[in-house]
Amino acid sequence: MKTLKASSEGLKKINEAIEQIQTEKSLALSNDYWVDEASKFLPMDKIGKKEISGSVSKPTWHRFRNNTGVKPKNFQAFCQVLG
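What counts, and where the lines are drawn
Residues numbered from 1 in each chain as written. Predicted model: local features only at pLDDT ≥ 70, side-chain atom pairs only at ≥ 80, totals over all residues. Heavy atoms only, no water. Helix = DSSP H or I, 4+ residues; strand = E, 2+ residues; numbered from the N terminus. Rg over C-alpha atoms; globule rule 2.2 N^0.38 Å. Buried < 20%, exposed > 50% of the residue type's maximum accessible area, 1.4 Å probe, protein only. Contact = heavy atoms within 4.5 Å. Areas by Shrake-Rupley, 256 points an atom, 1.4 Å probe, with all protein chains shown as cover. Lys, Arg positive; Asp, Glu negative; His and termini not counted. Charge placed at Lys NZ, Arg CZ, Asp CG, Glu CD. Salt bridge = Lys/Arg side-chain N within 4 Å of Asp/Glu carboxyl O. Core = buried A, V, L, I, M, F, W, Y, C linked by side-chain atoms within 4.5 Å.

(A) Seen up close, the overall build of the chain. Scanning the chain from N- to C-terminus turns up four helices and two strands. Its helices and strands taken in sequence order, the chain reads α-α-β-β-α-α from the N to the C terminus. The C-alpha radius of gyration of the chain comes to 13 Å, within 12% of the 12 Å expected for a compact globule of 83 residues. Seen along its three principal axes, the alpha-carbon backbone of the chain occupies a region of about 40 × 30 × 20 Å. Across the 83 residues in the chain, those meeting the buried criterion constitute 33%. Long-range contacts, defined here as pairs at least 24 residues apart, represent 52% of the contacts in the chain between residues at least 6 apart. Put simply, the chain shows about 5,600 Å² of open surface, and 50% of that area lies on carbon and sulfur atoms. Counting 14 positive and 9 negative side-chain charges, the chain places the centres of these two groups 9 Å from one another.

Listed below in structure tokens is the structure:
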């Protein structure tokens, strides 16, 4: 499975954006806000004939923050949340 990680410069920008949002919204890193907002940017998933909203998990958010690699669609969703 292909995963993405941020470059050194990208990781610095990610951490700065996280700090800014945390300050503005008084959010902890464990708050559901991060995964809820990222899930809004994911495409619908098909399961059989049903379509359900895409979602991302807290462990994925943790891997993104620690730069250990996440699926490209999740990486993009978190970057959109961070602006």
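(B) A look at the environment of Ile52. As for its position among the elements, Ile52 is in strand β2 (residues 50–52). By relative accessible area, Ile52 is classed as partly exposed at 36%. In this view, Ile52 contacts Met44, Asp45 and Ile47; residues no more than four positions away in its chain are not counted.

(C) Structural view of the pattern of salt bridges. Counted according to the given criterion, the structure contains three salt bridges. One salt bridge connects Glu9 with Lys13, and the closest N-O pair in it is separated by 3.5 Å. Residue Glu9 and its partner Lys13 are both found in helix α1 (residues 8–25); the two are separated by four residues, about one turn of the helix. Accessibility expressed as a relative area gives 55% for Glu9, which makes it exposed. The shortest N-O distance in the salt bridge between Lys58 and Asp32 comes to 2.9 Å. Of this pair, Lys58 sits in helix α3 (residues 58–65) while Asp32 sits in the loop between α1 and α2 (33–40), and the two are 26 residues apart along the sequence.

(D) Inspection of the side chain of Ser39 at higher detail. Mapped onto the secondary structure, Ser39 falls in helix α2. When near neighbours in sequence (up to four residues on either side) are disregarded, Ser39 contacts Gly54, Ser55 and Val56.

(E) Region of interest: the nonpolar core. Ranked by size, the top nonpolar core spans 20 residues in total, and within it Trp34, Trp61, Phe64 and Leu82 carry the most contacts. Other than its neighbours up to four places away in sequence, Trp34 contacts Ile18, Ile21, Gln22, Leu27, Ala28, Leu29, Trp61, Phe78, Val81 and Leu82.

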